[in-house]
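# Per-entry structural report
Below are the chains, spelled out letter by letter.
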Amino acid sequence: MQTNNTLENLIESLKCLPGVGPKSALRLAYYLLQRDRKGAHNLASSIEESLKKLGHCKLCNNFTEEDTCSICDSQERLSDTLCVVEMPTDLLMLEQTHSYKGMYFVLMGRLSPLDGIGPKEIHINKLLERIRKSDINEIILATNFTTEGNTTAQYIAELLKESKINVTRIARGLPMGGEIEYVDSGTLAQSIVERKKLI
Ligand SMILES: [Zn+2]
């Protein structure tokens, strides 16, 4: 919503951040204007630059400045294994465990019909196309162990039921309701090693 008032526009814009309501937006606006104008400048220009330069990798859907990202371009990774994660932060966490050397697909979300997030929003078509175009032997479903994460894993597993691909789910060690982003890398590494066949 654009208004004629500069300050109101700033407050309104800040409300697009998750968890920021009218009061926090007001507080943030005052903070940026009063206490950290340099920080505000940096924030504004890096948001602008990111929006201009960053797009989605054609193959894995993660953010990249090129057509394809460095992981997808790498010759050293196993091209027949594809690990499906919800968010780029999950990919980073898995990379930090050094226990996985395959490829990724980043859904950029999880199925959540109540929030209007369906298969289209999590780029299921792009995932299926990615699978169709390459010789994938195993899909590791590394979505979170939340209700939505499990539903998403189940949904993808169902779609691949008729294929010859092994569909596995990262395993134990992750607590119920656990989000990958907050799990230590030892536990996460173990969950990759102990992944279970889903279908
Ligand atoms: Zn990629």
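Structural data are supplied above this passage.
First, a word on scope: everything that follows refers to the structure included in this document. (Residues numbered from 1 in each chain as written. Predicted model: local features only at pLDDT ≥ 70, side-chain atom pairs only at ≥ 80, totals over all residues. Heavy atoms only, no water.)

Its place among the elements puts Thr68 in the loop between β2 (63–64) and α4 (70–73). Polar side-chain contacts of Thr68 include one of 2.7 Å to the side chain of Asp73. Contact partners of Thr68, with chain neighbours within four places excluded, come to Cys57, Lys58, Leu59 and Asp73. (Helix = DSSP H or I, 4+ residues; strand = E, 2+ residues; numbered from the N terminus. Polar contact = N/O pair within 3.5 Å; in protein donor to acceptor, adjacent residues only side chain to side chain. Contact = heavy atoms within 4.5 Å.)

Within the secondary structure layout, Thr64 lies in strand β2. Overall, the relative accessible area of 9% leaves Thr64 in the buried class. In the structure, Thr64 is positioned 37 residues away from Arg27 in sequence and 32 Å away in space, judged by C-alpha atoms. Contacts of Thr64, omitting those with residues within four sequence positions, involve Lys53, Leu54, Gly55, His56, Cys57 and Cys69. (Buried < 20%, exposed > 50% of the residue type's maximum accessible area, 1.4 Å probe, protein only.)

The tally for this structure, following the rule as stated, stands at 1 aromatic pair. When the ring of Tyr100 is compared with that of Tyr104, the centres are 5.2 Å apart and the planes differ by 65°; the resulting orientation is edge-to-face. For the residue pair Tyr100 and Tyr104, the accessibility class agrees, reading buried in each case. (Phe/Tyr/Trp six-rings, centres within 6.5 Å; stacked < 30°, edge-to-face > 60°.)

So, on to unusual backbone geometry. The phi dihedral of Asn61 falls on the positive side, at around 80°, and the residue is not glycine. Structurally, the position occupied by Asn61 is in the loop between β1 (55–56) and β2. With phi around 65°, Met108 is a residue other than glycine that occupies positive phi space. Relative to the helices and strands, Met108 is located in the loop between β4 (102–106) and α6 (124–133).

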